[in-house]
Amino acid sequence: MNQPTGSKILAFGHYQPSQVVTNDDLSKVIETNDAWIRDRVGIAERRVAGSESVADMATAAAGKALAASGLTAADIDQVIVATCSSIDRCPNVATRVAAKLGIMAPAAYDLNTACSGFCYGLAAADHAIRAGASRNTLVIGAEKLSDVVDWTDRTTAVLFGDGAGAAVVTATQEGEEAGVGPVVWGSAPEKGDVLKIEGWRPYIKQEGQAVFRWATTAIAPYAQAALDRAGVQGKDIAAFVAHQANTRIIDGIVKRLDLPNAIIVKDLVESGNTSAASIPLALSKAIERREVPSGAPVLLFGFGGGLTYAGQVIRCP
């Protein structure tokens, strides 16, 4: 069998817990209000998990992606989970998902680059497939940030939500165009202390203005580099799915890019910031609503804690 020269995404899936926490709900326990939150970050509500774990949500999203892909558990040889919020360190989330879905003997690991995690995981899957180390990979972003939010701190409590998104990535056939473009990734470790989850009983701590300035000034050139490396022009992009942190950040990035025909996905309005889950969750929902046509080029770009970033152009399944 010839070694694959590329990979593509067969299907997406997503999961969100049923409990909705609105801005009005938060205003009853902290000094804030709906208008302030919408104006500052653009969020109206978020989902919060109760007894569900990161692995539970990851499994639900991955199961949906697997069912939509046409593959079975027996076909999957690698599971990658991007998360920064799982309190269960060992066994890792990836092996827990594999066990729940009946996937036997996969390469299985978690990675933590916070909000850029899904794009890192997608790149790792693509590289493994190109190297011949994998044929079919589940890539999952899953977060239960409610476990690490201080619900008395209005600077962070209004931002975050729980959920998961997943994709099934497979090798392309001979002569078939790759559906996952080259990754542009990196970090700004000298700025790493502006967003932290540290200690045995951690809470998220964030210097919001510093993150905002970095994201709105640094990210657009990297996103443009992802377009250039994929050989795709901005006018051809059907959708832009950035990390769902803040509508003002997304708007700031878009202003620096030339994406005249792209849908700008803003799932954070109803989901909040779900870190590594935000990109696959948002895109899966947009696909389910038939907003992005099959085969269309989509620009993904994640950024966050570390400070890390990663992005690539994919073909919508």
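Note that the structure is a prediction, hence the values are computed from the model and not measured. (Residues numbered from 1 in each chain as written. Predicted model: local features only at pLDDT ≥ 70, side-chain atom pairs only at ≥ 80, totals over all residues. Heavy atoms only, no water.)

**Thoughts on the sheet that holds strand β6 (residues 136-144)**
Taken together, the five strands give an open sheet; going across it, the order is β1-β7-β6-β4-β5, and neighbouring strands pair in mixed fashion. At either margin of the open sheet sits one strand with a lone partner, and together these are β1 (7-15) and β5 (107-111). Taken over all neighbouring pairs, the strand axes of this sheet differ in orientation by 15° on average, direction set aside. In the sheet, strand β4 (residues 78-82) pairs with β5 via five bridges, with the strands oriented parallel. (Pairing = 2+ DSSP bridges. Helix = DSSP H or I, 4+ residues; strand = E, 2+ residues; numbered from the N terminus. Axes fitted to C-alpha atoms, helices over the stretch in contact; angles between N-to-C directions.)

**Digging into the pairing of β4**
Burial analysis of β4 places five of its five residues in the buried class, the great majority of the element. Neither face of β4 is exposed, since Gln78, Ile80 and Ala82 on one face and Val79 and Val81 on the opposite face are all buried. Of the crossover connections in this fold, the one passing from β4 over helix α4 (residues 93-101) to the parallel β5 is right-handed. The sheet contact formed by β4 and β6 spans five bridges and is parallel. Each residue of the ladder has a partner; that of Val81, found in β6, is Ile140. (Buried < 20%, exposed > 50% of the residue type's maximum accessible area, 1.4 Å probe, protein only. Right-handed = clockwise from strand over helix to strand, strands pointing away.)

**Section: the pattern of salt bridges**
Enumeration over the complete set of coordinates arrives at 12 salt bridges. A salt bridge links Asp147 to Lys144, with the nearest nitrogen and oxygen atoms 3.8 Å apart. Judged by its relative accessible area of 8%, Lys144 falls in the buried class. Note that Asp251 and Lys266 form a salt bridge whose closest N and O atoms lie 2.6 Å from each other. A residue pair is termed long-range when its members are at least 10 positions apart, and Asp251 in helix α8 (residues 247-255) and Lys266 in the loop between β12 (263-264) and α9 (268-271) qualify at 15 residues. Overall, Asp251 belongs to the partly exposed group, its relative accessible area being 31%. (Salt bridge = Lys/Arg side-chain N within 4 Å of Asp/Glu carboxyl O.)

**Comments concerning the packing of aromatic side chains**
The relation between two aromatic rings is expressed through the spacing of the ring centres and the mutual angle of the planes. What the rule picks out here adds up to four aromatic pairs. Taken together, a centroid distance of 6.4 Å and an interplanar angle of 40° make the contact between Phe12 and Phe118 tilted. Highlighted residues: Phe12 in strand β1 and Phe118 in helix α5 (residues 117-130), separated in sequence by 106 residues. One exposure class covers both Phe12 and Phe118, and it is buried. For the ring pair Tyr120 and Trp185, a centre distance of 5.0 Å and an interplane angle of 35° mean the geometry is tilted. Pair noted here: Tyr120 is in helix α5 and Trp185 is in strand β8 (residues 184-187), with a separation of 65 residues, a long-range link. (Phe/Tyr/Trp six-rings, centres within 6.5 Å; stacked < 30°, edge-to-face > 60°.)

**Focus: helix α3 (residues 54-69)**
The first and last C-alpha atoms of α3 sit 22 Å apart over 16 residues, in line with the 22 Å expected at 1.5 Å per residue. Turning to α3, its buried residues are Val54, Ala55, Met57, Ala58, Thr59, Ala61, Ala62, Ala65, Leu66 and Ser69. Looking at the buried positions of α3, the neighbouring elements they touch are β1, α4, β6 and β7 (162-171). Just past α3, the residue Gly70 takes up positive phi, approximately 85°. (Expected span 1.5 Å × (residues − 1). Contact = heavy atoms within 4.5 Å.)

**Re the UniProt feature "domain: Beta-ketoacyl-[acyl-carrier-protein] synthase III N-terminal" (unreviewed entry) in the protein chain**
As recorded in UniProt, the feature "domain: Beta-ketoacyl-[acyl-carrier-protein] synthase III N-terminal" (unreviewed entry) lies at residues 109-187. End C-alpha to end C-alpha, residues 109-187 measures 21 Å, and it is 23% helix and 33% strand. (UniProt positions renumbered as here; feature names shortened; annotations may be inferred.)

**Let's talk about the state of the cysteines**
Taken as a whole, this structure holds zero disulfides when the rule is applied. Unpaired in terms of disulfides, Cys316 finds its nearest cysteine sulfur in Cys119, a separation of 15 Å. (Disulfide = S-S within 2.5 Å.)

**Quick look at unusual backbone geometry**
Residue Pro91 is bonded to the preceding Cys90 through a cis peptide linkage, with omega at 0°. You can see Pro91 is positioned in the loop between β4 and α4. With an omega of -15°, the peptide bond running from Gly306 to Leu307 counts as cis. Examined against the element boundaries, Leu307 turns out to sit in the loop between β13 (297-304) and β14 (308-315). One non-glycine residue with positive phi stands out, namely Ala105, at about 55°. Secondary-structure assignment places Ala105 in the loop between α4 and β5. Owing to a relative accessible area of 77%, Ala105 belongs among the exposed residues under this scheme. Non-glycine residue Arg290 carries a positive phi angle of around 60°. Note on Arg290: relative accessible area 77%, which makes it exposed.

**Considerations on the pairing of β6**
Within β6, nine of the nine residues are buried, leaving the element largely enclosed by the surrounding structure. By the alternation rule, side chains of β6 split into Asn136, Leu138, Ile140, Ala142 and Lys144 and Thr137, Val139, Gly141 and Glu143, which are all buried. The pairing of β6 with β7 spans nine bridges and is classified as antiparallel. Bridged to Asn136 within β7 is Thr170.

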